[in-house]
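What follows is each chain in one-letter form.
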Amino acid sequence: MSFSFEQLRGFVAVAEERHFGRAAARLNMTQPPLSRQVQKLERTVGAALLDRANRRVQLTPAGAAFLVEARRLLSFGDTASELARRVAAGSAGTVRLGFTAASTFRALPDLLGRISAELPDIDVELREMITREQAAALASGEIDLGLARPCFDAAVLDNVVAEREDLVVVVPVGHRLAALGRPVAAADLVDEPLIMHSPQDAAYLHQLVLSVVPVQRNVVHAVSQLVTMLALVSAGRGLAFLPASTRYLNVAGLVHLPLAPPCPAVELHLLWPRDSENPALWKVLEVLRPA
């Protein structure tokens, strides 16, 4: 069975107007082609939909039932067409977003809120990944957008800074550094036990810490997850250098202390492939990129 949307629109117009002439005028066409449309529709359906006796047009029982479905199909067709236009324009669709665990402290919720407010018809699929996994997924087309540390090939991926924050030193409550009354200097840290970032899985933060304390005499643990580092500091295993936003996790028994200048900034970047063919990505970037 095959019929066109034009045939359905013609039938619905006649059914609602109860008159071929008025229906033809409503559709900006003449009556003969409209009659042929409805007749062809009836042949396709295999049932009389209209009773044309005595020059009055009435719905048959089959026509009344078909009218309900015809209206539904026309509504679906209009909705599908509008959605296709919106997807093509980028105002609807899906963006697959990779993110690091650290971005959930502040940057990711802010980013999602802005997208929801400005582009409510764009769905964001979230995928937690470390930075190198995001870079590979962007290159392969597995994700459209990344929120990651700046450890990527800028020749392959475009990027913009999404967040910049201070690096701080986190110590247990009662630690001697918390009583200094001033920012912590590198000299204050020389002999302190240190919970270090993994040089393999957290290379960016590892290098930032090396810029503050290049000689590390007492690395107790090297881990990749910030939440793990906070837990180890809280347990008294050592101190750690962490992004300032980790204070939003409210882990008990910790103090976040500022570092003396020069203090390196911790950055999160938005990353995306230059050749993306996803229109929704470019709309999202219009919202997220600084003016």
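Relevant structure appears above.
About the thresholds
- Numbering of residues begins from 1 in every chain and follows the order in which that chain's sequence is written.
- A pLDDT threshold of at least 70 governs which residues receive local features in this predicted model, and a stricter bar of 80 or more applies before side-chain atom pairs are shown or counted, although totals over entire chains, interfaces and linings include all residues.
- Side-chain measures were taken over the full set of non-hydrogen atoms in the model, leaving aside hydrogen atoms and water.
- Helix and strand definitions here come from DSSP, where helices need a minimum of 4 consecutive H or I residues and strands a minimum of 2 consecutive E residues; each element is numbered from the N-terminal end.
- This radius of gyration counts C-alpha atoms alone. The globule rule is 2.2 Å times how many residues there are, raised to the power 0.38.
- Throughout, exposure labels follow a simple rule: accessible area from a 1.4 Å probe, protein chains only, divided by the maximum for the residue type, with under 20% read as buried, over 50% as exposed, and the rest as partly exposed.
- Contact definition: two residues touch when any of their heavy atoms are within 4.5 Å.
- Using a 1.4 Å probe, accessible areas were evaluated by the Shrake-Rupley method; residue-level cover was limited to the displayed protein chains.
- N or O atoms closer than or at 3.5 Å make up a polar contact, with two conditions inside protein: a donor-capable atom paired with an acceptor-capable one, and, for residues adjacent in sequence, both atoms drawn from side chains.
- Helix axes use the C-alpha atoms of the stretch in contact, all axes being lines fitted to C-alpha atoms, and the angles between their N-to-C directions lie in the range 0 to 180 degrees.
- Geometric relationships in this document are graded by angle, where less than 35 degrees denotes roughly parallel, more than 145 denotes roughly antiparallel, 65 to 115 denotes roughly perpendicular, and other angles denote oblique.
- Working definition of a nonpolar core: buried Ala, Val, Leu, Ile, Met, Phe, Trp, Tyr and Cys residues. They are joined through side-chain atoms within 4.5 Å.
- When we speak of the arc, we mean the arc of directions from the helix axis to the C-beta atoms.

K.L.:
Would you mind going over the overall build of the chain in detail, with residue names and values included?
P.N.:
Looking only at helices and strands, one finds 9 helices and 11 strands in the chain. By the compact-globule yardstick of 19 Å for 291 residues, the chain is too spread out, its C-alpha radius of gyration being 32 Å. Relative to its 291 residues, the chain shows a buried fraction of 42%. Restricting to contacts in the chain with at least 6 residues of sequence separation, those with at least 24 account for 71%. Summed over all atoms, the accessible surface of the chain reaches about 14,900 Å², with 53% contributed by carbon and sulfur.

K.L.:
Could you give an account of the side chain of Asn278, with specific residues and numbers?
P.N.:
By secondary structure assignment, the location of Asn278 is in the loop between β11 (265-273) and α9 (279-288). In this structure Asn278 comes out as buried when scored by relative accessible area, which is 17%. Dropping the residues within four chain positions of it, Asn278 is found in contact with Thr94, Val95 and Asp144.

K.L.:
Tell me about the side chain of Ser198, residues and numbers included.
P.N.:
Following the sequence through the fold, Ser198 ends up in the loop between β7 (194-197) and α7 (203-212). In this structure the side chain of Ser198 is engaged in a polar contact, spanning 3.2 Å, whose partner is the backbone nitrogen of Gln200.

K.L.:
Could you give an account of the packing of helix α1 (residues 5-17) against helix α3 (residues 31-45), naming the residues involved and the relevant values?
P.N.:
A pair of packed helices is characterised by two quantities: the angle between their axes and the separation of those axes. At their nearest, the axes of α1 and α3 sit 9 Å apart, and the two run at 105° to each other. As judged from the angle between their axes, α1 and α3 are roughly perpendicular. Contacts from Glu6, Gln7, Leu8, Gly10, Phe11 and Val14 of α1 reach α3 at Leu34, Gln37, Val38, Lys40 and Leu41.

K.L.:
Tell me about the nonpolar core, and please be specific about residues and values.
P.N.:
Counting 33 residues, the largest nonpolar core has Val169, Leu189, Leu239, Phe241 and Leu259 as its most contacted members. Contributions of two or more residues to this core are made by β6 (157-172), β7, α7, α8 (226-234), β9 (240-243) and β10 (254-258). Discounting chain neighbours no more than four positions away, the residues touching Leu239 are Val169, Val170, Val171, Leu177, Leu189, Glu192, Pro193, Leu194, Ile195 and Val233. The next biggest cluster of nonpolar side chains, apart from the first, holds 20 residues, and it includes Ile115, Leu145, Leu281 and Val284.

K.L.:
Give a description of helix α6 (residues 131-140) that names residues and reports values.
P.N.:
Restricting attention to buried positions, one finds in α6 the residues Thr131, Gln134, Ala137 and Leu138. One side of α6 carries all its buried residues, which in axial view fall inside an arc of 120°. In α6, the exposed positions angled more than 90 degrees off the buried face are occupied by Ala139 and Ser140. Its buried side turned inward, α6 meets β3 (93-99), β5 (145-148), β6 and β11. Looking one or two residues beyond α6, the residue adopting positive phi is Gly141, at roughly 85°.

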